[in-house]
Amino acid sequence: MNQDQLKQMVAREALKHVVEDAVVGVGSGSTVNFFIDALATIKGRIEGAVAASEASAERLKKHGIRIFDLNSVNELPVYVDGADEVTEHLHMIKGGGGALTREKITAAVAKKFVCICDASKLVPVLGKFPLPLEVIPMARSYVGREMLRRGAHPELRQNFKTDNGNLVLDCRGLTLLDPPAMEAELNNIAGVVTNGIFARRPADVLLLAEAAGVRALGARLA
């Protein structure tokens, strides 16, 4: 079974967590694209979706799924998104696609965060995947120096701007032994909009696609 088949399998499994007649939070990335395609098969049973990126919004619209602005939604029962790395504690690194800020905001609103991944994304400790930071342009050099001071090797993501018009610094060389503490620390650097550690609000459920099937981790599997 190849990686796309694993992603497709876990995307279909995530449909079991979708609440009918409600708005669904939808993240971004390759695995989420499969989820959007799967969501289209039950679009008559949901009210619509909040998209965490412009790319996801476009894909949802092509399937005829109604898009809601997050500010117009009182509650979001479920948010489904992928991860670049995830631990068994359901802490994640996200932002490989650059949508980390909108993803973090949408996850904060959701009652339940369902993370969908193939088994290659499960790691014992976060940090092998470069940690993205969304940065205000004028703070790029300052934030870079602050990350060097913390032992990271920051690199500007070339020819890229987020949906918010900001830059992304990808920081290599970090081993995140205490993800919630590092998440808070990095968000306190002036000029950082947010960082790609999702630990203070981790996933509630992790659906992990393996050759043998989809394995579920987490306390909120219902």
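Look above for the structure.
Residues numbered from 1 in each chain as written. Predicted model: local features only at pLDDT ≥ 70, side-chain atom pairs only at ≥ 80, totals over all residues. Heavy atoms only, no water.

Caption draft 1: Just a nonpolar patch on the surface, in detail. On the surface, a nonpolar cluster with roughly 300 Å² of combined accessible area is contributed by Ile 136, Met 138 and Val 193. Here Val 193 shows up in strand β10 (residues 192–195). Judged by relative accessible area, Val 193 falls into the partly exposed class, the value being 32%. (Patch = residues over 30% accessible without salt bridge, like charges linked within 9 Å, V, L, I, M, F, W, Y side chains within 5 Å. Areas by Shrake-Rupley, 256 points an atom, 1.4 Å probe, with all protein chains shown as cover. Salt bridge = Lys/Arg side-chain N within 4 Å of Asp/Glu carboxyl O. Helix = DSSP H or I, 4+ residues; strand = E, 2+ residues; numbered from the N terminus. Buried < 20%, exposed > 50% of the residue type's maximum accessible area, 1.4 Å probe, protein only.)

Caption draft 2: Looking closely at the pairing of strand β7 (residues 131–135). Along β7, five of the five residues are buried, which leaves the element largely enclosed by surrounding structure. Neither face of β7 is open: one carries Leu 131, Leu 133 and Val 135, the other Pro 132 and Glu 134, and all of them are buried. Sheet analysis places β7 next to β10, joined by three bridges and oriented antiparallel. Paired with Leu 133 across the strands is Asn 195, a residue of β10. (Pairing = 2+ DSSP bridges.)

Caption draft 3: Just the pairing of strand β12 (residues 205–210), in detail. Within β12, five of the six residues are buried, which leaves it mostly tucked inside the rest of the structure. Pairing geometry for β12 and strand β13 (residues 213–217), over five bridges, is antiparallel. By the bridge assignment, Leu 207 is partnered in β13 with Ala 216.

Caption draft 4: Region of interest: the layout of surface pockets. Quantified by volume, the largest pocket comes out at close to 350 Å³. Taken together, 24 residues make up the lining of the largest pocket; nearest its centre are Ser 28, Gly 29, Gly 96, Gly 97 and Glu 103. The biggest single contributor to the lining of the largest pocket is helix α2 (residues 30–39), with three residues. When the residues that make up the lining of the largest pocket are grouped by side-chain class, the tally is six nonpolar, eleven polar and seven charged. (1 Å grid on protein atoms, 1.4 Å probe; cavity = no way out; pocket = protein on both sides within 12 Å on 5 of 7 lines; lining within 4 Å. Points joined across faces, edges and corners; volume = space filled by probe spheres on them. Nonpolar A, V, L, I, M, F, W, Y, C, P; charged D, E, K, R; others polar.)

Caption draft 5: Representation of the sheet that holds β12 in the model. Pairing within the open sheet is mixed, and its six strands lie in the order β2-β1-β3-β6-β12-β13. In this open sheet, the two edge strands, each paired with only one partner strand, are β2 (48–51) and β13. For this sheet, the mean inter-axis angle between neighbouring strands, taken without regard to orientation, is 25°. Where strand β3 (residues 76–81) meets strand β6 (residues 110–118), five bridges bridge the pair, whose relative direction is parallel. Looking across to β6, one finds that Val 78 is bridged to Lys 112. With respect to the sheet, helix α1 (residues 3–14) is in contact with β3, β6, β12 and β13, its orientation differing from that of β12 by roughly 145°. (Axes fitted to C-alpha atoms, helices over the stretch in contact; angles between N-to-C directions. Contact = heavy atoms within 4.5 Å.)

Caption draft 6: The arrangement of the packing of aromatic side chains in detail. In the structure shown here, the tally under the stated rule is one aromatic pair. Plain terms: the ring middles of Tyr 79 and Phe 113 are 5.1 Å apart, the flat faces sit at 50° to each other, and that makes the pair tilted. Placement of Tyr 79 in strand β3 and of Phe 113 in strand β6 is noted, with a sequence separation of 34 residues between them. The exposure class of Tyr 79 is buried, given its relative accessible area of 0%. Phe 113 sits in the buried class, given a relative accessible area of 0%. Directly above the aromatic system of Phe 160 lies the positively charged group of Arg 157, at a separation of 5.1 Å from the ring centroid. (Phe/Tyr/Trp six-rings, centres within 6.5 Å; stacked < 30°, edge-to-face > 60°. Lys NZ or Arg CZ within 6 Å of the ring centre and 35° of its normal.)

Caption draft 7: Local environment of the packing of α1 against α2. In contact at an axis separation of 8 Å, α1 and α2 are set at 50° when each is read in the N-to-C sense. With respect to α2, the element α1 is oriented oblique. The hand of the α1/α2 crossing is right-handed. Mapping the contact onto sequence places Asp 4, Lys 7, Gln 8, Val 10, Ala 11, Arg 12 and Ala 14 in α1 and Ser 30, Thr 31, Phe 34, Phe 35 and Ala 38 in α2. Looking at the contact of α1 with α2 residue by residue, the classes come out as six nonpolar, three polar and three charged. (Parallel < 35°, antiparallel > 145°, perpendicular 65-115°, else oblique. Left-handed = near helix turned anticlockwise from the far one by under 90°.)

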